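Inside the fold
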Amino acid sequence: MDRELTRLTAAQLSAAMAEGEVSAVEVADAHLARIAAVEDRLHAFLHVAADRARAVARRVDDRRWDVFTTTDMPTTCGSRILDGWQPPYDATVTRRLRQAGVVVLGKSNMDEFAMGSSTENSAFGPSRNPWDLRRVPGGSSGGSAAAVAGFEAPLGIGTDTGGSIRQPAAVCGLVGVKPTYGGSSRYGLVAFASSLDMPGPPARTVLDAALLHEAISGHDPCDSTSVDAPVPPVVAAARQADVSGLRIGVVPELSGEGYQPGVLARFSEAVELLESLGAKVVEVPCPHFGYALPAYYLIAPSECSSNLARFDGMRYGLRVGDDGTRSAEEVMSLTREAGFGPEVKRRIMLGTYALSSGYYDAYYGQAQQVRTLISRDFEAAFEQVDVLVSPTTPTTAFPIGERADDPMAMYLADLCTIPSNLAGNAALSVPCGLAPEDGLPVGLQIMAPVLADDRVYRVAAAVEAALDSRRGGPLLDSAHGLDTGEA
Amino acid sequence: MTVPTMPGVVPFSDAVARFDPVIGLETHVELGTRTKMFCGCPNRFGGEPNSLVCPVCLGLPGSLPVINRSAIEYTIRIGLALNCSIASWCRFARKNYFYPDMPKNYQISQYDEPLCTGGWLDVTVHDTPDGQPRSVRVEIERVHLEEDTGKSLHMGGSTGRIHGADYSLVDYNRAGIPLVEVVTKPVTGTGELAPAAARAYVAELRDLLRTLGVSDVRMEEGSLRCDVNTSIAPRGAAQWGTRSETKNVNSLRAVERAVRYEIERQAAVLDAGQRVVQETRHFQESTGTTSAGRSKEEAQDYRYFPEPDLVPLAPPADWVEEIRSRLPELPSARRARLQAEWGLSDKDMSALHNAGALNLVAETVSAGASPADARKWWLGELARAANDSGAELASLPITPADVARVSTLVGSGSLTDRLARQVIEGVLAGEGTPDEVVARRGLAVVSDDAALSTAVDEAIAAQPDVAEKIRGGKVAAAGALVGAVMKATQGQADAARVKELILGRLGQR
């Protein structure tokens, strides 16, 4: 029974609970049991709040929503520097989830401050890919993806700054969504790069992703960058699953050399599938997308160098070297030296340099101009087509350790996802099969204009339905990395 | 390497005879909005340390700023009053530097896109060598909005500064209070008047801000803070000199002294063949001197960039016009109006200004006195009293309404000038309102014929020669007899009635 419950989608669980067939406590217990069974191998969580989750589930069963004024778990962002910090307030997304009666099982693992594509930059060790435990689950929201793909939780929450939801979703065989920038609130999300960060769901199905997307979205007066506009009808679109007459553009810049052949093969098949489902497919060049990665690696580190300045040991978190003889400046320095990992330090250095007087125009200023050009590429493309498609990542999940010492190789994992962060438009990754050479999942990325998030769901749902029926079941049924015969 | 000796100072008159000073002022004003700049915390001075804080003004991870509309409105009000253009689109920027009293280690400020640009403020330097007031137009470079920092308290040590302190405490109550910075363009051509012009500018700005109702402008509480830039160059030189930036200038007097000292010091530096270093200096209230702080040449790089947590600010033109239409009468317009209404010369206005009596006179006139009477009392009797006690005119324990009442009593004949002075003396001594002092001291004018006739008869008897002249038709001689009666009655007699009585007795009516 437990195993069955964990195999249900969020939409199915929700319906079963509404019908009284299963209680929230039973659902929580099933997932907690699954976590207990596989977590030592998966390491998807930084913190599992079992007792709290059961207590909340009991209240959900009693129809008493649990609205906390303070969070009940530590927040570390996968970093040592926040050691011991318990936030005194809830993020808007957390508050909305709780109001929707969602039981929070725990906090998932991530690359430190969301900087990375593998969770190997977590100060607490990497998570593992449920398809192959020797491989990364992607990142930065790799813990969430691993937990959902490993059936430890029906839904996850991640943040996507350069692909941090879509890329792990793609390499774990999940649906991952970066909503339109400002579509949901950033209040309470510890910022990496403020102008790029967006919370969103990894989920096992397109419908589940849409349900979560809808629950966390909408204007928040506490975040002035959140959009004061109606939430796009994403759930209806996920149920529509129809692409007939839709104009779909293939971005030639996001394929070719450096892409794994199996990824390109699955991508081409997906495009043919869409055509066969009645979509009109054309090639739409986006000439500036090639500059997206370098622009991103100036803008994101610049913002991060400023956003992470507050972690100085003065007010909360880790404090190192405060022995009464050292100045505040020395304590700040020692704290940051000990508290941040190498990738975070690298990006702080990069960003500090890019913003320095004398370099600003050449680096940060230029990167912002590139950003404008990329937005214009999107605008021009969306005059011709309704959505754009590309592979989500150039390769499938790579082995743990393979790229850990090669930042450039690591950065390439976000090559296809970054343009939508720079332009702020909606983008989604949906599984489109397994790469023949390694048997690992491949993601199809669908990109839509700002605030047209419903379109990515409509296309993804059509792909999902067609592939599931062709396959005779969900793709995740073929993930055997965790199989130990426990069922 | 030899360390250059400190050259000391050149006497001010000598310095300004040979060098032209250029000054510039950066004034920080804490706005009196109900809440802070980017959160809902109360904007209040005082309060238990760290009691007026929330996740936003503490810069906790994940918190986000939201712009306070009132702060924008106040800033626009200031910009309009300073004749600035109001940006139709501008952005906040982050100013990055590490300091424990800055919760995020960056300050949300404005950099190259300020809300208000390019205005001016006309100020009058009243204290000039020839006594003729002089008008100086101070050009305004920009007015921008930012958030204030917390406050560090350095405990132990002798200086109260961070160096040598045993430990430091930080109070974040002030963090996030909206702070407006008003930056002038360089002010040239004021010569020896430069220190007075700097002071006059800050005073005028303070009055303007108070009139606009945007700040309580208390320099002693730090709600108005001033940085003074000073440079000098040999007279007639084509280029300006290198400037110093003096901080910790926390009173009007300090503004004037800081500029004066910097002119004297820089003249000595140049006379010694050295060059003025571009640096931040601290004003020392106790000595009236400045001392070197950190050198700008090794100053930090603030790495400004547009604040990504806030959307651009675009005040609609009709809102700006609405704010403009609601501006109160500004101090300069009010002064011009009063000068015209009262029929005063520029010099008269300067006298009022120098005595700090302008508002007092205006309020006394509002309370019913004539402008001439109001001026007479405040610049005469009351100015003397203030001078004797070393107090400011405005801090004397007498209100404009009291003065107006005394003036009314004199006008109606209830008091003579001499009695009125005694009434004022009584009010200043804390004996009550003018009417209470009149009652307690029995100072009413005696106009009762029965009470006066004895004194009149005595005066006539005492000066028979004068009485004879009056009988002979020389009415003007009556003054001597009136004076005698007034003396005999200790000034309480109604002089006009006394004269009537005398003339009656001597057959002239």
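Residues numbered from 1 in each chain as written. Chains lettered and ligands numbered in written order. Predicted model: local features only at pLDDT ≥ 70, side-chain atom pairs only at ≥ 80, totals over all residues.

The next thing to look at is the overall build of chain B. Broken down by element type, chain B carries 16 helices and 14 strands. Over its C-alpha atoms chain B spans a radius of gyration of 30 Å, topping by over 25% the 23 Å that the globule rule assigns to 509 residues. By principal-axis analysis of the C-alpha atoms, chain B measures approximately 95 × 55 × 50 Å. In chain B, buried positions account for 40% of the 509 residues. Pairs at least 24 apart in sequence give 69% of the contacts found in chain B among residues at least 6 apart. (Helix = DSSP H or I, 4+ residues; strand = E, 2+ residues; numbered from the N terminus. Rg over C-alpha atoms; globule rule 2.2 N^0.38 Å. Buried ≥ 20, exposed ≤ 12 C-beta atoms within 10 Å, placed from the backbone. Contact = placed C-beta atoms within 7 Å.)

Moving on to the overall build of chain A. Helices and strands together make up the secondary structure of chain A, namely 17 helices and eleven strands. Since a compact globule built from 487 residues should have a radius of gyration of about 23 Å, the 21 Å found for chain A is in line with a globular shape. Each of the three principal axes of chain A carries a C-alpha extent, and together these read 70 × 55 × 45 Å. Within chain A, the fraction of its 487 residues that count as buried is 59%. Within chain A, contacts between residues separated by at least 24 positions form 76% of all contacts whose residues are at least 6 apart in sequence.

Time to look at helix α9 (residues 371-389) of chain B. Residues separated by three or four positions in an α-helix point in the same direction, a consequence of the helix having 3.6 residues per turn. Residue and element names in this part refer to chain B. If you check α9, its first and last C-alpha atoms are 25 Å apart, about what 19 residues at 1.5 Å a residue would give, namely 27 Å. Buried within α9 we find Asp373, Ala374, Arg375, Trp377, Trp378, Leu382 and Ala386. Where α9 is buried, its residues meet α7 (346-354), α8 (358-366) and α10 (400-411). Following α9 by one or two positions, glycine 390 adopts a phi angle in the positive range, close to 65°. (Expected span 1.5 Å × (residues − 1).)

Of the residues lining the interface, 25 residues belong to chain B; the matching set on chain A comes to 31 residues. Looking at the side of chain B that touches chain A, its residues break down into 15 nonpolar, five polar and five charged. (Nonpolar A, V, L, I, M, F, W, Y, C, P; charged D, E, K, R; others polar.)

Quick look at the environment of A:Thr161 now. All names here are of chain A. Along the chain, threonine 161 falls in the loop between β3 (158-159) and α7 (166-172). Separated by 47 residues in the primary sequence, threonine 161 and alanine 114 place their C-alpha atoms 7.9 Å from one another. Sequence-distant contacts of threonine 161, that is, excluding residues within four places in its chain, are made with Ala114, Phe192, Ala193, Leu196, Asp197, Ala300 and Asn421.

Residues and elements named next belong to chain B. The three strands are arranged β4-β3-β14 in an open sheet whose pairing can be described as antiparallel. Looking at the sheet topology across the chains shown, the edges are occupied by β4 (106-109) and β14 (305-306). Direction of pairing for strand β3 (residues 93-96) relative to β4: antiparallel, over a ladder of four bridges. Residue pairing across strands places alanine 93 opposite serine 109, the latter belonging to β4. (Pairing = 2+ DSSP bridges.)

On to the domain arrangement of chain B, then. Here the domain parsing of chain B yields domain 1 (12-323), domain 2 (332-441) and domain 3 (449-505). Centre-to-centre separation of domain 1 of chain B and domain 3 of chain B, based on C-alpha positions: 67 Å. (Domains from an automatic or database assignment.)

Another aspect to go through is the nonpolar core. Within the largest apolar cluster, 227 residues are counted, with the highest numbers of intra-cluster contacts made by A:Ile446 and A:Ala460. No other element matches the ten residues that helix α3 (residues 194-212) of chain B contributes to this core. If we ignore the near neighbours within four places in the chain, the residues touching A:Ile446 are A:Val387, A:Val389, A:Ala427, A:Leu428, A:Val430, A:Val456, A:Val459 and A:Ala460. Counting 45 residues, the second-largest nonpolar core is a separate cluster that includes B:Val365, B:Ile398, B:Leu443 and B:Ala478. (Core = buried A, V, L, I, M, F, W, Y, C linked by C-beta atoms within 7 Å.)

A few words on the sheet that holds strand β4 (residues 175-178) of chain A. Residue and element names in this part refer to chain A. Spatially, seven strands are ordered β6-β4-β10-β11-β9-β7-β8 in an open sheet, and the strand pairing comes out mixed. Of all strands in the sheet, those bounded by a partner on one side alone are β6 (202-203) and β8 (280-283). Bridge count for strand β10 (residues 426-434) against strand β11 (residues 441-448) is seven bridges, and the pairing is antiparallel. Paired with alanine 426 across the strands is alanine 448, a residue of β11. The sheet contacts of helix α8 (residues 206-216) involve β4, β6 and β10, and relative to β4 the element is tilted by about 35°. Strands in contact with helix α17 (residues 453-471) are β4, β9 (387-391), β10 and β11; relative to β10, the strand with the most contacts, it is inclined by about 10°. (Axes fitted to C-alpha atoms, helices over the stretch in contact; angles between N-to-C directions.)

With that settled, consider unusual backbone geometry. Residue and element names in this part refer to chain A. The step from glycine 139 to serine 140 runs through a cis peptide bond, and the omega angle for that step is 10°. You can see serine 140 is positioned in the loop between β2 (106-108) and α6 (142-149). Despite not being glycine, phenylalanine 113 shows a phi value in the positive range, around 50°. On the secondary structure map, phenylalanine 113 appears in the loop between β2 and α6. Within the chain, leucine 451 stands out as a residue other than glycine whose phi angle is a positive 65°. Relative to the elements of secondary structure, leucine 451 occurs in the loop between β11 and α17.

This paragraph deals with the packing of helix α3 (residues 24-42) of chain A against helix α4 (residues 50-61) of chain A. Residues and elements named next belong to chain A. Where α3 meets α4, the axes come as close as 7 Å, and the angle between the chain directions of the two elements is 160°. Put simply, α3 runs roughly antiparallel to α4. The handedness of the crossing between α3 and α4 comes out as right-handed. Residues Ala24, Val25, Ala28 and Leu32 of α3 form the contact with α4, whose participating residues are Ala50, Ala53, Arg54, Ala57, Arg58, Val60 and Asp61. Residues belonging to the contact of α3 with α4 are distributed by class as follows: eight nonpolar, no polar and three charged. (Parallel < 35°, antiparallel > 145°, perpendicular 65-115°, else oblique. Left-handed = near helix turned anticlockwise from the far one by under 90°.)

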